[in-house]
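# Observations on the three-dimensional arrangement
If you want the building blocks of each chain, they are given just below.
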Amino acid sequence: MSDSNKHFPIAHNIYLVRHGAVNLDSDICYGQLDCELTESYAQDLQSLTNYVQARCPASEHMQIISSPLTRCLKLAKGLQQAVQPVSTSLKTNTAFQEINFGDWEGKTWQSIGKQAIDDWSADLLDYQFFKGESARQFDQRVVTAWHQLNESVSTAKKTQNIILITHAGVIRSILSHFLKIPLDHALTLKIDKLSVSILRVVPQQNQLSQCTAINHIL
C-alpha cells in the first residue's frame, strides 16, 4: 500500500437483505411466526447469489448474518454454500428477528378486529402487543445489535462485506437510525421482499458513511 493510501479510512459494505416470499396467505399477521419460503426460493437464491458475487470480490472478507427465523436462515445457508463456502462465515442473531406481534401472530387481520387495529394505529410506537413487544422496544433491540455489529468491524484492517439477511421492520429500524429519520416516519419506508439496501460504513469517521441504495429489488 502506498504512503498516500495507508491512512485512508477503511469502509465496510453492509447489505441489508429482506427474505423472499413466504408460504402464508396475505391476510395473516406474522412477525416472529416461523414460516417457510415459497417455491420461488431457488430463483431467489440464484438472484441473491449473482448480486453478491458481482459486488463482493473474492479477495475481500465476507460475513453472512441472519435472523434465526426459517425464511431468513434458509436463504443465508443457501448463499453461504453458493459463494466461497470455506471462507464465508455465517452467524445468527436473535436481535435481528422481526417484531414480536404476541398473540396476534398467525391470526388473520379480520379475526384480530378493527378496534384492536385502530388502537395500534393510534399509538404505532408504544402500543405493546399482548405477549409481544412495542415498535419502540423492537427498535431498541435492533439498534443495540446494530451498534454491536459496527463495533465488531471497527478494528478491521481490511474491507468487510456483511450480508445481513433479515426482515422489513429490522431494515427500517437500521435505516431510521443510520439516516437519522424519526422512527414513526421510517415506518413508511417501502422494503420489498428480496430487496437490498446498502450502507457503506466508515467506523472511525462516521461523517463519511453513506447509504448508497434503499429497496433495490433483485
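Note that this is a predicted model, so its numbers are computed, not measured. (Residues numbered from 1 in each chain as written. Predicted model: local features only at pLDDT ≥ 70, side-chain atom pairs only at ≥ 80, totals over all residues. Heavy atoms only, no water.)

### Comments concerning the packing of aromatic side chains
Within this structure, the stated rule accounts for 10 aromatic pairs. Between the aromatic rings of Phe101 and Trp120, the centroid separation amounts to 6.1 Å while the plane-to-plane angle is 85°, which identifies the pairing as edge-to-face. Linking Phe101 in the loop between strand 3 (89–92) and helix 3 (109–112) with Trp120 in helix 4 (residues 114–122), this pair joins segments that are 19 residues apart in sequence. Between the aromatic rings of Trp120 and Phe129, the centroid separation amounts to 5.5 Å while the plane-to-plane angle is 65°, which identifies the pairing as edge-to-face. Just as Trp120 is buried, Phe129 falls in that class too. (Phe/Tyr/Trp six-rings, centres within 6.5 Å; stacked < 30°, edge-to-face > 60°. Helix = DSSP H or I, 4+ residues; strand = E, 2+ residues; numbered from the N terminus. Buried < 20%, exposed > 50% of the residue type's maximum accessible area, 1.4 Å probe, protein only.)

### Concerning the pattern of salt bridges
Between side chains of opposite charge, pairing is possible as soon as their charged atoms come close. Here the structure, examined in full by the defined rule, presents four salt bridges. Of the charged contacts, one joins Asp118 and Lys114 as a salt bridge, the two residues approaching to 2.6 Å between their closest N and O atoms. Pair noted here: Asp118 and Lys114 are both in helix 4, with a separation of four residues, about one helical turn. On the basis of relative accessibility, which here comes to 32%, the residue Asp118 falls in the partly exposed class. (Salt bridge = Lys/Arg side-chain N within 4 Å of Asp/Glu carboxyl O.)

### Thoughts on the layout of surface pockets
Computed from the structure, the largest pocket encloses a volume of approximately 600 Å³. Every residue lining the largest pocket is counted, 24 residues in all, and those nearest its centre are Glu98, Ile99, Phe101, Gly169 and Arg172. Elements with a minimum of two residues in the lining of the largest pocket: helix 5 (135–153) and helix 6 (168–179). Element by element, the count of residues in the lining of the largest pocket is highest for helix 6, at four residues. Partitioning the lining of the largest pocket into residue classes produces 14 nonpolar, four polar and six charged. (1 Å grid on protein atoms, 1.4 Å probe; cavity = no way out; pocket = protein on both sides within 12 Å on 5 of 7 lines; lining within 4 Å. Points joined across faces, edges and corners; volume = space filled by probe spheres on them. Nonpolar A, V, L, I, M, F, W, Y, C, P; charged D, E, K, R; others polar.)

### Things to note about the nonpolar core
Buried together is how nonpolar side chains tend to be arranged in soluble globular proteins. Among the nonpolar cores identified, the biggest contains 33 residues, and Leu16, Phe96, Trp104, Trp146, Ile174 and Leu199 are the most heavily contacted of them. Broken down by secondary-structure element, the contributors of at least two residues to this core are strand 1 (12–18), helix 4, helix 5, strand 4 (160–166), helix 6 and strand 5 (195–201). The greatest single-element share of this core, amounting to seven residues, is contributed by helix 5. Formed by 25 residues, the second largest nonpolar core is a distinct cluster that contains Val22, Tyr30, Leu48 and Val52. (Core = buried A, V, L, I, M, F, W, Y, C linked by side-chain atoms within 4.5 Å.)

### What about helix 2 (residues 70–82)?
For helix 2, spanning 13 residues, the distance from its first C-alpha to its last is 18 Å, which sits close to the expected 18 Å at 1.5 Å a residue. Buried residues of helix 2: Arg71, Cys72, Leu73, Leu75, Ala76, Gly78 and Leu79, and no others. Those residues of helix 2 that are buried lie in contact with helix 1 (41–55), strand 2 (61–66), strand 3 and strand 4. One or two steps after helix 2, the chain reaches Gln84, where phi turns positive at roughly 45°. (Expected span 1.5 Å × (residues − 1). Contact = heavy atoms within 4.5 Å.)

### Topic: the state of the cysteines
Where two cysteines share a covalent bond between their sulfur atoms, that bond is called a disulfide. Considering all chains together, one arrives at zero disulfides under this definition. The thiol of Cys72 is not disulfide-bonded; the next cysteine sulfur, from Cys35, is found 9.1 Å away. Between Cys211, a free cysteine, and Cys56, which holds the nearest cysteine sulfur, the sulfur-to-sulfur gap is 16 Å. (Disulfide = S-S within 2.5 Å.)

### Some details on the environment of Phe130
With respect to the helices and strands, Phe130 occurs in the loop between helix 4 and helix 5. Relative accessible area serves as the criterion here: at 55%, Phe130 is assigned to the exposed category. Between the C-alpha atom of Phe130 and that of Val201, which follows or precedes it by 71 residues, the distance is 37 Å. Residues within four places of Phe130 in sequence aside, it is in contact with Phe101, Gly102 and Asp103.

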